[in-house]
Amino acid sequence: MKEAKFLSSVVETVTKMVTPILDEQNFELVEVEFVKEGKNWFLRVFIDKEGGIDIEECAWVSERLSEQLDTAEPDPIPQAYFLEVSSPGAERPLKKEKDYEKALGEYVHLSFYQPVEGQKHFEGILQSVDADQLILKIRIKTREKELTLDRKNIAKARLAIQF
């Protein structure tokens with residue numbers, strides 16, 4: 001539990017530090033994550049803007065954020081880590097209400113806390129969304145079906161690439 005509190009504290013601190021940097025350029029903060037993979041820690045900051053973000057813009061944010069992290073007292077991340085600033089990519093997570101609204105009519109992947117019709121995830125077209133529920137149009141072989149899903153049961157949501 002102590003580690004979870006530390007991780008959320010790092011995410012919260014970095015979010016506060018990076019937001020003014022992003023606001024300066026009208027960039028959007030999509031997500032901040034601090035994770036351990038193997039022996040290494042990674043601080044990942046996903047950013048975007050209307051029309052997409054490019055590598056130079058990611059590098060600019062990385063430099064500015066790195067300067068702030070290096071001079072912060074007390075050090076918000078005492079252990080060694082790799083800082084990565086990047087675009088959320090084609091499979092952008094849906095976190096905020098406006099993410100869901102922008103994804104209306106798009107192909108999405110949803111993962112659930114509790115199985116829905118025996119499944120822990122579905123992909124389909126996001127038909128509608130409100131504070132409590134969303135409607136997802138899925139395809140089962142040649143048949144289309146609309147599922148009304150409880151938003152509280154959604155563990156993760158992201159845009160998906162349809163093959």
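Owing to the predicted nature of the structure, the values given are computational and were not obtained by experimental measurement.

**Here's the deal with the sheet that holds strand β2 (residues 40-48)**
Hydrogen bonds along the backbone pair up the strands of a sheet, which may run parallel or antiparallel.
Reasoning step 1: Spatially, β1-β2-β3 is the arrangement adopted by the three strands of the open sheet, whose pairing is mixed. Looking along the sheet, the strands with just one partner apiece sit at the ends: β1 (28-37) and β3 (82-86). Each strand of the sheet is rotated relative to its neighbour by a mean of 15°, with strand direction disregarded.
Reasoning step 2: Relative to β3, β2 is paired through five bridges, and the arrangement is parallel. When the sheet's bridge partners are listed, arginine 44 is paired in β3 with glutamate 84.
Reasoning step 3: Against the sheet, helix α2 (residues 55-71) engages β2 and β3, with an angle of about 145° to β3.

**Describing the sheet that holds strand β8 (residues 154-159)**
Reasoning step 1: With antiparallel pairing, five strands are arranged side by side in an open sheet as β7-β6-β5-β4-β8. The open sheet has two edge strands, β7 (143-150) and β8, and neither has a second partner. Averaged over neighbouring strand pairs, the angle between their axes works out to 40° when direction is ignored.
Reasoning step 2: Both strand β4 (residues 107-116) and β8 contribute to a ladder of five bridges, which runs antiparallel.

**Some thoughts on the pattern of salt bridges**
Reasoning step 1: Under the criterion given, the structure shown has 17 salt bridges.
Reasoning step 2: The shortest N-O distance in the salt bridge between glutamate 28 and arginine 92 comes to 2.6 Å. With glutamate 28 in strand β1 and arginine 92 in the loop between β3 and α3 (97-102), the pair connects residues that are 64 residues apart, well separated along the chain. Accessibility assignment for this pair places glutamate 28 and arginine 92 in one class, buried.
Reasoning step 3: Here the salt bridges share partners, and the residues they tie into one network are Glu28, Asp48, Arg92, Lys96, Lys98 and Asp99.

**Observations concerning the pairing of β2**
Reasoning step 1: Within β2, eight of the nine residues are buried, which leaves it mostly tucked inside the rest of the structure.
Reasoning step 2: One ladder, built from nine bridges, connects β1 with β2; its direction is antiparallel. The residue bridging lysine 36 from the neighbouring strand is tryptophan 41, located in β2.
Reasoning step 3: Counting the residues in the hairpin turn of β1 and β2 gives two residues, including glycine 38, whose phi is positive at 65°.
Reasoning step 4: Each parallel crossover has a hand, and the one from β2 via α2 to β3 is right-handed.

**Quick word on the UniProt feature "domain: Ribosome maturation factor RimP N-terminal" (unreviewed entry) in the protein**
Reasoning step 1: In the numbering adopted here, UniProt assigns the feature "domain: Ribosome maturation factor RimP N-terminal" (unreviewed entry) to residues 17-91.
Reasoning step 2: Between the end C-alpha atoms of residues 17-91 the distance is 25 Å, and the span holds 33% helix and 32% strand.

What counts, and where the lines are drawn
Residue positions are given per chain, counted from 1 along the sequence in the order it is written. This being a predicted model, a pLDDT of at least 70 is required before a residue's local features are given, and a value of 80 or more before pairs of side-chain atoms are given or counted; all residues contribute to the totals for chains, interfaces and linings. Just so you know, side-chain values use all the structure's heavy atoms and leave hydrogens and water out. One bridge is not enough; two strands pair if DSSP finds at least two bridges between them. Strands here are runs of E lasting at least two residues and helices are runs of H or I lasting at least four, both read from the DSSP assignment and numbered beginning at the N terminus. In this analysis an axis means a line fitted to C-alpha atoms, helices contributing only their contacting stretch, and an angle means the value between N-to-C directions, from 0 to 180 degrees. In what follows, residue pairs with any heavy atoms lying within 4.5 Å of each other are defined as contacts. Note on definitions: salt bridges are taken to be side-chain nitrogens of Lys or Arg within 4 Å of carboxyl oxygens of Asp or Glu. The cut-offs for exposure are 20% and 50% of the maximum accessible area for each residue type, with area from a 1.4 Å probe on protein chains only; residues under the lower value are buried, those over the upper are exposed, and the others partly exposed. Here is how to tell: hold the view so the strands point away, follow the path from the first strand over the helix to the second, and if it runs clockwise the crossover is right-handed. UniProt positions are given in the numbering used here, feature names are shortened, and annotations may be inferred rather than shown by experiment.

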